[in-house]
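# Descriptive analysis of the structure
One letter stands for each residue in the lines below.
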Amino acid sequence: MADKTVQRETLRCPVCLDLLKEPVTIPCGHSYCKACIDTYWKQPRGRHSCPECRKTFRSKPALVKNIMLAGLVEQLNQTQTAPPAADNAGPRDVPCDMCIGESKMKAVKSCLQCLVSYCEFHLQPHSNVAVLKKHRLAEPSWNLHENICYEHNQVKKMFCRTDQTLVCVLCCMDQHEDHLTVTASAEATKRRRGLKWRKDHLLKAVKFREKSKDWLVDEDQAIRRSAEDAVDQIAASIGSVIQKLSKKRAKMEQLVVLQRDTELSLVHLRGDKLSAEVSKLKRSISDLEALETTADPCFFLQHCPAPSAPVLDLPELYFKDAGGEYGDDVAEAVSKFTDDLKDTIKQFRPPEPKPTIRARFLHCACDITLDALTAHPWLSLCAEDRGVTLKTPPSAPADHPDRFNHYRQVLSREALSGRCYWEVEWSGRGGVRIALSYKDVERQGNADACAFGHNGSSWALDTSDGHFSFWFNKQQLRLPAPPCPRVGVYLDHAAGVVSFYSVSQTMSLLHRLHTSFTQPLHVGVWFRWSYSGDTVYFPSIKNNHPLKLFLNSTDDES
């Protein structure tokens, strides 16, 4: 293979660097392609010379075919008709900077000192010349020019850690004199050690994103199932309302028919009575007319009414005695039913989708921290104010106006509005109440107005006596749910909705409250019994949502 390579290089034309075609020899002994030397001599230089040795001829020499070289070229073409495809530089290969002409060879090495890429032929001096042997060779590179400092025309052999850039030696003594500089090889060695860690980090990121994709599929299915359940509940609720309306409509129609029949019977009775009275009056008129025509004065005086006899008054119209227009009772019933229906529609709320996975609530997660100024003297805050522990004797002064001085209670710093979700867990022997309260709740004294759930300004979930119960304004509602040490609370302030969930592997609804809030809410804790060491803790779940991690965890990986 080496002999073929040497032979090919020997038979190359010095002008086009390809195999000689119709080789001719000029008087100085050098050989060229006939077309190449003719083209070279046609250039306007004023004289004919050899492209290699630069020997000048007075007149254009006669071109004589070199029979020996032509034979060797023909023999080489028979054994290898075309140069190997690997020798020619393709579109993605780095070409040799030393080759001239349109067809360049593929570079096999780049010299970091010369900043030149060499093919196998032009790289030979770096293997033979002693000075060039000391140069550092690397794989062919397109961007060797970027390693040159154009200000000092020097190779960038240093790295400035202050400015994070490659510089030359003169730059280190000039613009980067006071900066931390090391050799480029030393910086490369240091960074190469971190590649394994970065690679492992990227692999973990890939695995996490694959898991996140699986989570998104589960989330999609959960949302669809939840929406279908909500639609079914809405249809059932609306169907129930429609059924009630149909029954109410039938009853009201029966009422209208009954009242119509009653009123019509009265009208008919009054009509019959009027007809009888008309007949009687007409007979009286006939008697009077007959009396007027009689000639017998004795008969006339015997049957003529006395002048003092009362005259029959005209009766009032009978329908004026009814006391009102027809249908007043029906109109009143319809008006009352319409008002009741409006109230029903206002109170009707579409059922909320039932959660199937906890991650759905983490979109609106918030951190809860407790306010030490409101804590009862027996309460001690811990875990960066996210936890509170019951201790005796008192661990805090009791003379602050915002402090609960009788009930072992504490409020949060945060005033909650909008949509919020948080979780709370507790441990110990006594029971606790997890509450939502207005800020203006009473703090001083032992009145019921100071206790969470015993006034109209707070709503509380009680965990005492081994069961859950809900308290508001001294009213207790027992909840048929087993106790658990961790509860999630979802607040939609604008909609007036508070939902309590037991949190474990899944989430189960404990109680949902529908009301109307007039102020922002604070989270509250009440230790019902004086068991020292009982603790309530609000864990930070704000940044635990898988989708948030998926969206925010890639900036520092590249």
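Everything in this summary refers to the structure shown in the same document. In this text, all values refer to a predicted model and were calculated from it rather than measured experimentally.

### Notes on the overall build of the protein
From N to C terminus, the protein includes eleven helices and 26 strands. Relative to its full complement of 558 residues, the protein shows a buried share of 30%. Of all intrachain contacts in the protein linking residues separated by at least 6 positions in sequence, the fraction that spans at least 24 positions is 57%. Looking at the protein as shown, the accessible area adds up to about 35,500 Å², and 55% of this sits on carbon and sulfur atoms.

### Let's talk about the sheet that holds strand 1 (residues 23-25)
With antiparallel pairing, three strands are arranged side by side in an open sheet as 2-1-5. Lying at the two open borders of the sheet, with one neighbouring strand each, are strand 2 (31-33) and strand 5 (64-65). Both strand 1 and strand 2 contribute to a ladder of three bridges, which runs antiparallel. Among the inter-strand pairings, Pro23 is bridged to a residue of strand 2, identified as Cys33. Against the sheet, helix 2 (residues 34-41) touches strand 1 and strand 2, its axis set at about 90 degrees to strand 2.

### Topic: the environment of Ser502
Structurally, the position occupied by Ser502 is in strand 23 (residues 497-503). Expressed as a C-alpha distance, the spacing of Ser502 and Gly488, which sit 14 residues apart in the sequence, is 6.3 Å. Apart from the residues within four sequence positions on either side, Ser502 is in contact with Cys484, Arg486, Met507, Ser508 and Leu510.

### Description of the nonpolar core
By size, the foremost hydrophobic cluster in this structure holds 38 residues, and its most contacted members are Trp422, Phe468, Val487, Val536 and Phe538. Of the residues forming this core, the biggest block, four residues, is contributed by strand 17 (residues 419-427). When near neighbours in sequence (up to four residues on either side) are disregarded, Val487 contacts Trp422, Glu423, Val424, Trp426, Leu461, Phe468, Phe500, Tyr501, Val503 and Leu510. Within the second largest apolar cluster, 17 residues are counted, among which are Leu11, Leu20, Tyr40 and Leu69.

### Some words on the layout of surface pockets
Space inside the largest pocket adds up to approximately 660 Å³. If you trace the largest pocket, you find 23 residues lining it, with Leu112, Arg136, Leu166, Ala184 and Ser185 closest to the centre. Partitioning the lining of the largest pocket into residue classes produces nine nonpolar, six polar and eight charged.

### Focus: the packing of aromatic side chains
Considering all chains together, one arrives at nine aromatic pairs under this definition. Taken together, a centroid distance of 5.0 Å and an interplanar angle of 25 degrees make the contact between Phe361 and Tyr421 stacked. One end of the pair, Phe361, is in the loop between helix 10 (328-347) and strand 14 (379-382); the other, Tyr421, is in strand 17, and 60 residues separate them in sequence. Here Phe361 and Tyr421 have matching classes, each one buried. Between Phe404 and Phe452, the ring centres sit 5.7 Å apart and the planes meet at 75 degrees, which makes this aromatic pair edge-to-face. With Phe404 in the loop between strand 15 (387-390) and strand 16 (409-411) and Phe452 in the loop between strand 18 (432-437) and strand 19 (458-462), this pair connects stretches of sequence that are 48 residues apart. Classification of Phe404 by relative accessible area gives buried; the value is 1%. Taken together, the aromatic side chains of Phe361, Tyr421, Tyr490 and Tyr501 make up a single cluster linked through ring pairs. Of note, Arg528 hangs over the ring of Trp526, and the distance from its end group to the ring centre comes to 5.0 Å. If you follow Arg528 out to its NZ or CZ, it ends over the ring of Trp529, 5.6 Å from the centre.

### Some words on the side chain of Asn66
Along the chain, Asn66 turns up in the loop between strand 5 and helix 3 (67-79). Filtering out sequence-adjacent residues up to four positions away, Asn66 remains in contact with Pro23, Val24, Thr25 and Ser31.

### Some words on helix 2
In an α-helix there are 3.6 residues to a turn, and that puts residues three or four apart on one side. Along helix 2, the residues classified as buried are Cys36, Ile37, Asp38, Tyr40 and Trp41. Contacts made by the buried residues of helix 2 are with strand 1, strand 2 and strand 3 (48-49).

### Brief notes about the side chain of Asp38
Examined against the element boundaries, Asp38 turns out to sit in helix 2. For Asp38, a relative accessible area of 14% translates into the label buried. Every residue in contact with Asp38, bar those within four places of it in the chain, is listed here: Lys60 and Leu63.

### Regarding a positive patch on the surface
On the surface, Lys244, Lys247, Lys248 and Lys251 cluster together to form a positively charged patch. Counting through the fold element by element, Lys248 comes out in helix 8 (residues 195-293). You can call Lys248 partly exposed: its relative accessible area is 37%.

What counts, and at which threshold
- Residues numbered from 1 in each chain as written.
- Predicted model: local features only at pLDDT ≥ 70, side-chain atom pairs only at ≥ 80, totals over all residues.
- Heavy atoms only, no water.
- Helix = DSSP H or I, 4+ residues; strand = E, 2+ residues; numbered from the N terminus.
- Buried < 20%, exposed > 50% of the residue type's maximum accessible area, 1.4 Å probe, protein only.
- Contact = heavy atoms within 4.5 Å.
- Areas by Shrake-Rupley, 256 points an atom, 1.4 Å probe, with all protein chains shown as cover.
- Pairing = 2+ DSSP bridges.
- Axes fitted to C-alpha atoms, helices over the stretch in contact; angles between N-to-C directions.
- Core = buried A, V, L, I, M, F, W, Y, C linked by side-chain atoms within 4.5 Å.
- 1 Å grid on protein atoms, 1.4 Å probe; cavity = no way out; pocket = protein on both sides within 12 Å on 5 of 7 lines; lining within 4 Å.
- Points joined across faces, edges and corners; volume = space filled by probe spheres on them.
- Nonpolar A, V, L, I, M, F, W, Y, C, P; charged D, E, K, R; others polar.
- Phe/Tyr/Trp six-rings, centres within 6.5 Å; stacked < 30°, edge-to-face > 60°.
- Lys NZ or Arg CZ within 6 Å of the ring centre and 35° of its normal.
- Patch = residues over 30% accessible without salt bridge, like charges linked within 9 Å, V, L, I, M, F, W, Y side chains within 5 Å.
- Salt bridge = Lys/Arg side-chain N within 4 Å of Asp/Glu carboxyl O.
- Lys, Arg positive; Asp, Glu negative; His and termini not counted.
- Charge placed at Lys NZ, Arg CZ, Asp CG, Glu CD.

Keep in mind that these numbers describe shape and distance, not what the molecule does.
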